[in-house]
Amino acid sequence: MKSNNDNILQKTGTVSLWYRSAVVTAVVSGIFSLIVCVFLLGNHGRSIIVKTQQETELLDLRAQSRKQPDNEQLLAQIRAMDLQIRQQRLRALDRSTKGGYLLLGGIVVLVISLKLTGTLKKKLPAPHASKDAADEQIRKAAFARWMMGAGVVLLGAASLFLALKPKIDFSLTGAAGTSLTSAEQAAKSWPSFRGPDGSGISTHVNVPSDWDGKTGKGILWKTKVPLVGNNSPIVWGDRIFLSGGDPNALQVYCFDAASGALLWTGDVTRVAPKEGEDPLEPMEDTGFAAPTMATDGRHVYAIFVTGDVGCFDFNGRKVWEKSLGIPDSSYGYASSLAVYRNLLLIQYDQGGIEDGLSALIALDGFSGQIAWQTKRPVGNSWSSPIVARIGEQAQVITCADPWVIAYEPAKGTEIWRAKCLKGDIAPSPIYSNGLVFAVEPYSKLVAIRTGGAGDVTQTHIAWSNEDTGPDICSPASNGQFVFLLATEGLLICHKVSDGTKVWEHDFQEYFRASPSLVGDKLYLLSEKGRMFIIEAGPAYKELTKCELGEDCHASPAFADGRIFIRGMQNLYCIGSSN
Amino acid sequence: MIRSAYVITGIAVLLVSCGLVWAVERFPPPDFEGGHQLPSPTTPHPRQDIYEYIDVAVLLAALGLASYLVLKKRSRRAIFALTVFSLLYFGFWREGCICPVGATQNIVLSIFDAAYVVPITVAAFFLLPLVFTLFFGRTFCAAVCPLGAIQDVVLCRPVAVPNWAESGLRLLAYVYLGAAVLFAATSSAFVICRYDPFISVFRLTGSLNILILSGCLLLIGVFIGRPYCRFLCPYGVILRQLSRLSRRRVTITPDECIRCKLCEDACPFGAIRKPAAQWSGQDYRVAKKRLALLVLALPVLILLGGWAGSSLKAVTARGHATVRLAERIYLEETGVVTDTTDASSAFRATGKPIEQLYKDASSIRARFGLGGWFFGGFVGLVAGLKLIGLSVWRQRKDYEADRASCLACSRCFEYCPREHVRLNKTKDIKS
Amino acid sequence: MAEDNKIINRRHLLKDGLWGACLAGLGMVAGSSANKHRKTDTVWQIDPSICVACGNCATYCVLEESAVKCVQVYAICGYCDFCPGYFELGAAALEPGAENELCPTGAIKRTFVEEPYYEYSIDETLCIGCGKCVKGCAAFGNGSLFLQVRHDRCLNCNECSIAVACPSGAYKRVPADRPYLLKGEDHA
């Protein structure tokens, strides 16, 4: 008996010793694991925070050293910091690997000791007396069913909530623009040179026809534009954009349509001339900012005579900029920009016909990457491309010496081309009712039927009137008549059907702005800032004349009840205040 | 030197094309006068195929051994030893991949995607545990599955999960299975692999979120037995159904049950079923009516579930990368967002038409719509069957291990006096 | 009693039938997968013609040190002295130094071969797979530097986390016996 008891006592004694040591081991390893865990988390967190901090510092230092290439101390600093970052990365990696193993070890010991405590102090099973078994079972089952039902209802509610959230419907994409709203808004805005399709026709007919710059009548506001430029204003919604430049800066301006306030100025970096090269000095008539800007409602794009392109969002943040290299253009690069969906179209004509340097370039509006570029067999030109909707298709139509070429805008493949021009082509083409009108300065007006493919010189030229042609202004057509305005002030009206001259009128003033059509009226802006509003009909009839009081080279932009005119110094908003 | 850098910059700017160009050789490979030998890039090969076959062989052996140990030898110690071996081999050595749980997705993908061929070793990993379960019950779960092994090893203070919660929580596993099949069938994602909670422990590395998930699940597993196995494992759902049909099954007693009640609280996983009590006539009639109602409600639940699953297609379709890309492009095109992501700019650089992307996304959504009917219908079916199951009672006279829930861990054997008799530890005991 | 037996027998028959059906089902799955004849396992690899060198490979791998490294195909390399993958764009001088180099970990080694050629090789123990050199080489050079999954490091996860995060979808499953998609090789 006694030995038995002794045995049992001994056994329980050893058991409780094991038990106690197991508990102690469990506690110690538990705390150890916790500490290692916290350490690992801290290591991870610190490496992220410190790393990002150091990396931004290093970037700043590197940018600084670009500007001061001879600063030895800066270089030494950069090298030291870079070494520090690299060493810290390796150390952090090492710490986390070692820490992982330590944590694993700690947890293993913890689990073993916990399990030992479990086995050493086992409880004997003590089944409880069951009460009314049937009732209990039924009650429990009922409760379980209700809980299950609640779970299902919860799942149902969650899925209902998720299903009712607004979804993106992929079928809602417009044909013309990239979305329904953009296409509509594009039609109502003045997003590029001579309006949405480059025709100079305003979709708004309620524009003012009476103002006076000297008295201020009909002029809502006028704001000084910081730097000069020949580019015309573009309008989208309540924003007006202009660009300007001088040898020191290339800038983009955003004005508020209601108040005329200059909301922001964006700078486009001018790529520095290479060593030993003379800085570009463009012709004074052209200036640094001759090409008109373009917008697609998300971004605004500007190109300058130096071949530098900039893209900004409507808040003034520069999204990207790109340098295409200084184009070889005798008068200075002046082709305005055009936009098709998310692509920015640049007619980059340069050099002679044989040089093979000209190209039509499409940049992706979001990134500035070249989406496609197609070589053009033409010499340098100063006309701008237009994006015309011809049937179901959109075509980019370009004019230069000697070809008028239409391209498919998504990929840049040629659709048709016609050889009919010679010389320095500055007027841009227009499209009206199945005909493309192109002008050869001092020589002719050509009408080309669209719908052809390939070389259509022999087949699709409807007529060619060789009387004369303007050298700067682009034509305007209302479908019945096509109007040409020469720089010296000669306005000629031709019939669209066969090109015969109907009438002509000499204003005896100089014009640089291209004519615009508003309803059945022609708006012609002279160099002196005088707007002649005449009837666009079979006979010359002047309706009214409005003075601005400032010289103008740029073409006007039209909006709902408003006209925006850029004078040499100021931007004017013409409209009535009600 | 500096000038050449600028010259290169200037030329390069003109030459920059969208994306990276495939092998444009701007600078012709040099002609070395000194006869310099060009080194070759090293190409270290991946794990040899033979090791994959060895893994399958080890799996087969472990399954056979586990079945023997559970059904014939009935030794908890041996099972635990095998569990530890599986944890070390399939868990820490093979780092938990490929596992039968994830292999489900590979099989589903190979059914729906003609271009994807499941390697034979992966198919073996999927099939072997299922075949063994059809014969021997869930012996895979007992000692072979590394996920189960790690949970079993950390289980120290089992706490019983109340009955009413058990069934409802298990619905999550069915939802998980349905979701895994849906996303694998549409080639969107392998969700089981993505949210595998224990693989980061096996690899000793992983994203912070998954590591935290692992830690939480292991901590829960210290108290609640095998939470992943019982309430989340999608493969376990299949094993449950097959185990119900198995030829041999795990019994608590080696021969006969004497209803001593000593094993009532033996199972940390709540798989022991008590003998069913006799009901009064009235209770029986009420239960019959309720059962009839629930059986009628079953097709309604299936339809409702299917409809809900299908109407969620806009949400579930976002699991597919193409749909996510299309949505992002749409937001950019309509001006809702002003900047681009890596994915959207990479897509734009390819020059593929956006309309085609939208068409692809719409057709993927349609597939999710159809799949959603099956997914939701499946969940509805399971919920309905569970409700029915909670209204039906088998006439049970003995203490039994629930055919579907028993994980064959062998913990309950030593609670049975008959077992002690079998092991010659005590004299014969009669009821 | 006989009734009970009948019910029990019917139940057994049903159960056996289901059991047989399940076994047959598993057999079908086995048969169909064996039929498709994939002998080798598949591994993950990056298609360099699709990769945009976004830098995700360095951060999304489940391993702390990514299994993706840059490789150099010397046969394509131009051995340029101004290597745009080694030197940052607009580097002040074409000399090795932290201020001029692109690689954040200094994993590219530049060795002089003969005038004006330098050989550039990658030290895999230092490369983190960030792709900065890849971007530079592809934009301004020959594109001989590109990212590849290294199979002595890759765990071959069933779902590669980097593949999920890749913005251009450059990750593919390739047969394990041809685990690399090197430029200049035929990719069937």
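Residues numbered from 1 in each chain as written. Chains lettered and ligands numbered in written order. Predicted model: local features only at pLDDT ≥ 70, side-chain atom pairs only at ≥ 80, totals over all residues. Heavy atoms only, no water.

*Asks:* Could you clarify how one ought to interpret the domain arrangement of chain A in this entry?
*Replies:* If you check the domain split of chain A, you get domain 1 (4-120) and domain 2 (180-575). Centre-to-centre separation of domain 1 of chain A and domain 2 of chain A, based on C-alpha positions: 66 Å. (Domains from an automatic or database assignment.)

*Asks:* Help me understand the interface of chain C and chain B, please; the structure alone is not making it clear to me.
*Replies:* Quoted interface sizes are often the accessible area lost when the parts come together. On the side of chain B, 76 residues touch chain C, which itself brings 73 residues to the contact. Residues B:Arg194 and C:Glu159 are paired through a salt bridge, measuring 3.0 Å at the closest nitrogen-oxygen approach. Joining chain C to chain B, the criterion identifies 11 residue pairs in polar contact (both at pLDDT 80 or more). Put simply, the parts of the chain that give the side of chain C that touches chain B at least two residues each are α1 (2-35), β1 (42-46), β3 (108-114), β4 (117-122) and α3 (132-140) of chain C. Here the side of chain C that touches chain B gets 11 residues from one element, more than from any other, and that element is α1(C). The residue inventory of the side of chain C that touches chain B, partitioned by class, reads 42 nonpolar, 13 polar and 18 charged. (Contact = heavy atoms within 4.5 Å. Salt bridge = Lys/Arg side-chain N within 4 Å of Asp/Glu carboxyl O. Polar contact = N/O pair within 3.5 Å; in protein donor to acceptor, adjacent residues only side chain to side chain. Helix = DSSP H or I, 4+ residues; strand = E, 2+ residues; numbered from the N terminus. Nonpolar A, V, L, I, M, F, W, Y, C, P; charged D, E, K, R; others polar.)

*Asks:* Whenever I open this one, the sheet that holds strand β34 (residues 570-574) of chain A confuses me. Can you help?
*Replies:* Within a sheet, neighbouring strands are paired by backbone hydrogen bonds and run either parallel or antiparallel to one another. Residue and element names in this part refer to chain A. Judged by pairing direction, the sheet is antiparallel, and its four strands sit side by side in the order β2-β34-β33-β32 without closing on themselves. Looking at the sheet topology across the chains shown, the edges are occupied by β2 (219-224) and β32 (557-559). Direction aside, the axes of adjacent strands within the sheet are offset by 15 degrees on average. The sheet contact formed by β2 and β34 spans five bridges and is antiparallel. Of the residues in β34, the one forming a bridge with threonine 223 is leucine 571. (Pairing = 2+ DSSP bridges. Axes fitted to C-alpha atoms, helices over the stretch in contact; angles between N-to-C directions.)

*Asks:* Where do I start with the sheet that holds strand β6 (residues 262-268) of chain A in this structure?
*Replies:* Residue and element names in this part refer to chain A. On the basis of which strands lie adjacent, the open sheet formed by four strands has the order β3-β4-β5-β6 and antiparallel pairing. Two strands in the sheet have a free side with no partner beyond their single neighbour: β3 (234-236) and β6. With strand direction ignored, the average angle separating the axes of adjacent strands in the sheet is 25 degrees. Inspection of the sheet shows strand β4 (residues 239-246) paired to strand β5 (residues 249-256) by eight bridges, in the antiparallel sense. Pairing of isoleucine 240 across the sheet is with phenylalanine 255, part of β5.

*Asks:* Explanation requested: the interface of chain A and chain C in the structure shown.
*Replies:* In this assembly, 11 residues from chain A lie in contact with 17 residues from chain C. Taken together, the two surfaces of chain A and chain C that pack against each other cover about 1200 Å², and 47% of this comes from carbon and sulfur. The largest share of the area that chain A buries against chain C comes from A:Arg62, A:Arg66 and A:Arg89, three residues that together contribute 42% of it. For the pair chain A and chain C, the number of links is three salt bridges. A salt bridge links C:Glu88 to A:Arg62, with the shortest nitrogen-to-oxygen separation between them at 2.7 Å. Where the side of chain A that touches chain C is concerned, the elements lending two or more residues are α1 (2-67) and α2 (72-120) of chain A. (Buried area = accessible area lost by both parts, 1.4 Å probe.)

*Asks:* Can you walk me through the environment of C:Cys127 in this structure?
*Replies:* Residue and element names in this part refer to chain C. Within the element layout of this structure, cysteine 127 appears in the loop between β4 and α3. The buried category is assigned to cysteine 127, whose relative accessible area is 7%. Linking cysteine 127 and serine 66, residues 61 residues apart in sequence, is a C-alpha distance of 9.0 Å. In contact with cysteine 127, not counting residues within four places along its chain, are Lys69, Cys70, Thr105, Ala107 and Ile122. (Buried < 20%, exposed > 50% of the residue type's maximum accessible area, 1.4 Å probe, protein only.)

*Asks:* Would you mind showing me how to read the confidence of the model for chain A here?
*Replies:* Should pLDDT be low for a region, the predicted coordinates there are not to be read in detail. For chain A, per-residue confidence averages 87 on the pLDDT scale, and 94% of positions sit at 70 or higher. Here residues 174-181 of chain A is modelled with pLDDT under 50, and outside its nearest four sequence neighbours on either side it reaches 18 contacts, counting other chains as well. (pLDDT = per-residue confidence, 0-100.)

*Asks:* Hey, could you run me through the pattern of salt bridges in this one?
*Replies:* Oppositely charged side chains are able to pair whenever their charged atoms sit close together. For the coordinates displayed, the defined rule picks out 44 salt bridges over all chains. Ionic pairing is found between A:Glu321 and A:Lys318, a salt bridge with its closest N-O pair at 3.0 Å. On the basis of relative accessibility, which here comes to 32%, the residue A:Lys318 falls in the partly exposed class. The partner of C:Asp47 in a salt bridge is C:Lys172, and the shortest N-O contact between them spans 2.4 Å. Of this pair, C:Asp47 sits in the loop between β1 and α2 (56-60) while C:Lys172 sits in strand β6 (residues 171-175), and the two are 125 residues apart along the sequence. Given a relative accessible area of 35%, C:Lys172 falls into the partly exposed group. Taken together, the shared-partner salt bridges connect C:Glu65, C:Lys69, C:Glu124, C:Arg150 and C:Arg153 into one network.

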